[in-house]
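This is what each chain is made of:
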Amino acid sequence: MSEIVILGGGPAGYVAASHAAAHGARVTLVDPKPLGGTCLNQGCIPTKALVESCGLLEKLKRADAFGLQIDGQVAGDWMAMNRRAASIIAMLGQGIERLMQDRRVTCLRGYGSFIDDRTIRVGDEVLRPDRVLICTGSVPLTGQQLNVDHDVIGTSDDLLRWETLPASLMIVGSGVIACEFAFILSSLGVDVTLLASGSRLMSWADREVSAVMQREMRKRDIRVALNCRIQSLTHTAGGVSALAGGQIVCSAERALVAIGRRPNTAGLGLENAGVLTNGMGEIVVDDVLRTNVAGIYAAGDVNGRSGLAHAASAQAKLAIDHMLGRSFEPISDRAIPVAVFTSPEIAWVGRTEEEAVADGIAVATGKFDLRGLGRAHAIGEISGFAKVIVDRSSGELVGLHIIGPHAGEMVHEGALVIQRRGKAAELFNTVHAHPTMSEGILEAVEDALGQATHKPLSAARREAHVL
Amino acid sequence: MSCNVPDDLAYHRDHLWVRVTEAGEVHIGISDFAQRQLGTVMFVELPSVGDEFEAGAILGSVESFKVVSDLIAPVTGEVLEINTALKGTAGLVNEDCYGAGWLAKMRVRDEGQLADLLSGSTYRSHIGL
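Residues numbered from 1 in each chain as written. Chains lettered and ligands numbered in written order. Predicted model: local features only at pLDDT ≥ 70, side-chain atom pairs only at ≥ 80, totals over all residues. Heavy atoms only, no water.

**Student:** What should I look at first to understand the overall build of chain B in this one?
**Tutor:** Assigned secondary structure in chain B consists of 3 helices and 9 strands. Secondary structure elements of chain B occur, N-terminal to C-terminal, as β-β-β-α-β-β-β-β-β-α-β-α. Over its C-alpha atoms chain B spans a radius of gyration of 13 Å, differing by no more than 12% from the 14 Å that the globule rule assigns to 129 residues. For chain B, the spread of C-alpha atoms along the three principal axes comes to 35 × 30 × 20 Å. In chain B, which comprises 129 residues, the proportion classed as buried is 50%. Within the structure as shown, chain B displays about 5800 Å² of accessible surface, and the carbon and sulfur contribution to it stands at 48%. Seen as two clouds, the 9 positive and the 19 negative side-chain charges of chain B have centres 5 Å apart. (Helix = DSSP H or I, 4+ residues; strand = E, 2+ residues; numbered from the N terminus. Rg over C-alpha atoms; globule rule 2.2 N^0.38 Å. Buried < 20%, exposed > 50% of the residue type's maximum accessible area, 1.4 Å probe, protein only. Areas by Shrake-Rupley, 256 points an atom, 1.4 Å probe, with all protein chains shown as cover. Lys, Arg positive; Asp, Glu negative; His and termini not counted. Charge placed at Lys NZ, Arg CZ, Asp CG, Glu CD.)

**Student:** Mind showing me how you'd approach the overall build of chain A here?
**Tutor:** Assigned secondary structure in chain A consists of 15 helices and 23 strands. The C-alpha radius of gyration of chain A comes to 23 Å, within 12% of the 23 Å expected for a compact globule of 467 residues. Projecting the C-alpha coordinates of chain A onto the three principal axes gives extents of approximately 70 × 60 × 50 Å. Residue burial in chain A is summarised as follows: out of 467 residues, 51% are buried.

**Student:** Sorry if this is basic, but what is going on with the side chain of A:Thr47 here?
**Tutor:** Residues and elements named next belong to chain A. In this structure, Thr47 sits in helix H3 (residues 44-61). Within polar-contact distance, the side chain of Thr47 engages the backbone oxygen of Cys44 at 3.0 Å. Setting aside residues no more than four positions away along its own chain, Thr47 makes contact with Leu160, Glu180, Phe181 and Ile184. (Polar contact = N/O pair within 3.5 Å; in protein donor to acceptor, adjacent residues only side chain to side chain. Contact = heavy atoms within 4.5 Å.)

**Student:** Which parts of the structure should I look at to understand the nonpolar core?
**Tutor:** As a rule of thumb, nonpolar side chains are buried together in soluble globular proteins. Residue and element names in this part refer to chain A. Of all hydrophobic cores here, the largest spans 39 residues; its most connected members are Ile171, Met213 and Met217. For this core, the elements supplying multiple residues, two or more each, are H3, helix H4 (78-102), strand E10 (168-172), helix H6 (176-187), strand E11 (191-195), helix H7 (207-219), strand E19 (338-340) and strand E20 (346-350). When residues in this core are grouped by element, the largest group, 7 residues, is from H6. (Core = buried A, V, L, I, M, F, W, Y, C linked by side-chain atoms within 4.5 Å.)

**Student:** Explanation requested: H3(A) in the structure shown.
**Tutor:** Residues spaced three or four apart along an α-helix face the same direction, because each turn holds 3.6 residues. Residue and element names in this part refer to chain A. For H3, spanning 18 residues, the distance from its first C-alpha to its last is 25 Å, which sits close to the expected 26 Å at 1.5 Å a residue. Regarding H3, the residues found buried are Pro46, Thr47, Ala49, Leu50, Val51, Ser53, Cys54 and Leu57. Packing partners of the buried residues in H3 comprise helix H2 (37-42), H4 and H6. (Expected span 1.5 Å × (residues − 1).)

**Student:** Sorry if this is basic, but what is going on with the confidence of the model for chain B here?
**Tutor:** The predicted structure's coordinates, where accompanied by low pLDDT, should not be read in detail. Per-residue pLDDT for chain B averages 94, and the proportion of residues at 70 or more is 99%. Interface confidence in the predicted complex, given as ipTM, is 0.83; pTM for the same model is 0.92. (pLDDT = per-residue confidence, 0-100.)

**Student:** How should I be thinking about the interface of chain A and chain B in this particular structure?
**Tutor:** Interface size is often expressed as the accessible area that is lost when the parts come together. On the side of chain B, 13 residues touch chain A, which itself brings 10 residues to the contact. Carbon and sulfur atoms supply 45% of the area that chain A and chain B bury against each other, a total of about 990 Å² over both sides. It is A:Arg215, A:Arg218 and A:Arg371 in chain A that bury the most area against chain B; as a group they hold 59% of the surface buried on that side. Viewed at the interface, chain B and chain A are joined by 5 salt bridges. The partner of A:Arg215 in a salt bridge is B:Glu45, and the shortest N-O contact between them spans 3.3 Å. Viewed at the interface, chain B and chain A are joined by 9 residue pairs in polar contact (both at pLDDT 80 or more). Residue contributions to the side of chain A that touches chain B peak at 4 residues, all from H7(A). Here the side of chain A that touches chain B is composed, by residue class, of 1 nonpolar, 2 polar and 7 charged. (Buried area = accessible area lost by both parts, 1.4 Å probe. Salt bridge = Lys/Arg side-chain N within 4 Å of Asp/Glu carboxyl O. Nonpolar A, V, L, I, M, F, W, Y, C, P; charged D, E, K, R; others polar.)

**Student:** Sorry, what's going on with the sheet that holds strand E21 (residues 363-369) of chain A here?
**Tutor:** Backbone hydrogen bonds hold the strands of a sheet together, and the pairing may be parallel or antiparallel. Residue and element names in this part refer to chain A. Taken in spatial order, the 5 strands line up as E19-E20-E23-E22-E21 in an open sheet, and their pairing is antiparallel. Both outer strands of the open sheet, E19 and E21, are each paired with one neighbouring strand and no more. The mean inter-strand angle of the sheet, taken between neighbouring strand axes irrespective of direction, is 10°. The pairing of E21 with strand E22 (residues 385-391) spans 7 bridges and is antiparallel. Looking at the pairing, Val363 lines up with Asp391 of E22. (Pairing = 2+ DSSP bridges. Axes fitted to C-alpha atoms, helices over the stretch in contact; angles between N-to-C directions.)

**Student:** Explain the sheet that holds strand E4 (residues 41-45) of chain B here, please?
**Tutor:** Residue and element names in this part refer to chain B. Pairing is antiparallel in the open sheet, where 3 strands are placed in the order E4-E6-E7. Here the strands that pair on one side only, and so sit at the sheet edges, are E4 and strand E7 (68-72). Strand-to-strand twist in this sheet, taken as the mean axis angle between neighbours without regard to direction, amounts to 25°. In this structure, E4 lies alongside strand E6 (residues 58-64), joined through 4 bridges in antiparallel fashion. Looking at the pairing, Val41 lines up with Ser64 of E6.

**Student:** Please explain the pairing of E20(A) as it appears in this structure.
**Tutor:** When a strand is regular, its side chains alternate between the sheet's two faces. Residue and element names in this part refer to chain A. In terms of burial, E20 is a largely internal element, 5 of the 5 residues being buried. Note: E19 against E20, 3 bridges, orientation antiparallel. Note on E20: the bridge partner recorded for Val338 is Trp348. Hairpin connection, E19 to E20: the antiparallel pair is bridged by 5 residues. In the sheet, E20 pairs with strand E23 (residues 397-403) via 5 bridges, with the strands oriented antiparallel. From the neighbouring strand, Gly350 faces E23, where its bridge partner is Gly399.

**Student:** Got a minute to help me understand the packing of aromatic side chains in this structure?
**Tutor:** The relative placement of two aromatic rings is captured by the distance of their centres and the angle of their planes. Residues and elements named next belong to chain B. This structure, assessed with the given rule, holds 3 aromatic pairs over all chains. Judged by centre distance (4.6 Å) and plane angle (5°), the ring pair of Tyr11 and Tyr123 falls under stacked. Note that Tyr11 is positioned in strand E1 (residues 10-11) and Tyr123 in helix H3 (residues 120-126), a separation of 112 residues in sequence. The residues Tyr11 and Tyr123 share a single accessibility class, namely buried. Plain terms: the ring middles of Trp17 and Tyr98 are 6.0 Å apart, the flat faces sit at 50° to each other, and that makes the pair tilted. Here the residue Trp17 occupies a position in strand E2 (residues 16-22), and Tyr98 occupies one in the loop between helix H2 (92-95) and strand E9 (104-108), the gap between them amounting to 81 residues. (Phe/Tyr/Trp six-rings, centres within 6.5 Å; stacked < 30°, edge-to-face > 60°.)

**Student:** Just checking my understanding: could you explain the packing of helix H1 (residues 13-22) of chain A against helix H9 (residues 309-323) of chain A for this structure?
**Tutor:** Two packed helices can be described by the angle between their axes and the distance between those axes. All names here are of chain A. One can describe the packing of H1 onto H9 by two numbers: an axis separation of 8 Å at closest approach and a directional angle of 35°. The crossing of H1 and H9 is right-handed. Side by side, H1 and H9 meet where Val15, Ala16, His19 and Ala20 of the first sit next to Ser313, Ala316, Lys317, Ile320 and Asp321 of the second. Taken together, the residues of the contact of H1 with H9 break down into 5 nonpolar, 2 polar and 2 charged. (Left-handed = near helix turned anticlockwise from the far one by under 90°.)

Shown next as structure tokens:
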């Protein structure tokens, strides 16, 4: 029986443990913290609980438009919302622990550290497994000049621990975390300013998606400063000031630093095992998640290949399959969907229009405004669109980009087609239920292939595309 | 469809009107034809004061229940002022597109360019009236 030690119990580590144990391996899962990792405890799950509270709050603010009368005030209660998130975390965390018991996975609470390439110490215990999977995740990036003190200037980890909200908040960054928190906190009445170093928000998303999100921020009075490279944050009597280009560009009561995350490898003793890392500390791995050291694999954020929980889980399963000599399908990073829980939601899979053009693909694009759908009006959320990128020569679907309600649920039909390198026409030939938001995808494909049913002839998309 | 196309204004073919207020300065807005096409306007995304645009460039967008449309700059120049009243009451574009629903005030870089705009009668035939 194969003995496997897994370092880190997040979406890579616990999924790997479950998978390996289910297939006969003897597994030890090592994590100093509650299982579930950043995703469950400080990331995806608590923020989604908050997003849901804020979404409901936003809807209640418009209750009269839905024919509802509310007597009295509707207001967000930050601590109550966090208690709800905490109870969800506790429930799901117990679920993971029960799963580990069910699989007879040995869970060790502690920091695992390599003594050499075959030996790991966890507290007083010394383990000599056949294989090791490193899944220690990532931690928020902070620059020394940003003076993070956790109370006034904090990262996302800190913000979720704040017991009160500030009247005003500056967010340094323009990625997923920055944008999600901008909407959450704005809903709760915080005066939010987003300081983005680039020329647009979420720079790796589709350009048109970024533009709609920025417009939605403007609607909510979230201020956005683009091309704003913050040199430093300093504490002032009133809170925090941000310096860029030698000038104070923003002052607020508190600041959230959301400039990215870095691999969490501190204290792992990688040097004792001889495991190679790259510039940001990410562990170098091959297609099957092997490091340069025989028997040692790394999956999830720690290898820098993706920052997504579901990508981490997929990598972890593949690594285990390879360790156990099981058959597996390679992971195509192109087919991994991304979901961002801003308001409206954003989701995409595959290439953006620019990436496709840069890759030398002759593309046809199709787009459909979701406000053309009955369901969007019934939901009362009409902003956004679905857009498809199609390879004109092969008809292959190369990208699906959605901004709008339920985008995160809608994206998977695109992921399925892209994963199997299918044609856009497969979506076109699939009857979509009415009335649903997913009809927008159908219309976008129709638009790319010729003419969307519910789009004026005058607005038909140009067939060729030159950027 | 009856449409109000005042003859004392100039028009860009992408449906913004231009009113010369003083030498080198213009007010711009959305034509009655365009606001009728849009239907109930919910949000107008305006540029910032100080932004500069070439004629034909996208200077903002207008959202109605039916569509999101780009606003195309009718002239080349700098934005001097925006109609802040549209924030919260975007419906002014529907109610009074040539008055309280104006979009922005711009300084025109080249006054000669104003001659390229359409007259009321030319715009009327452009929109098929």
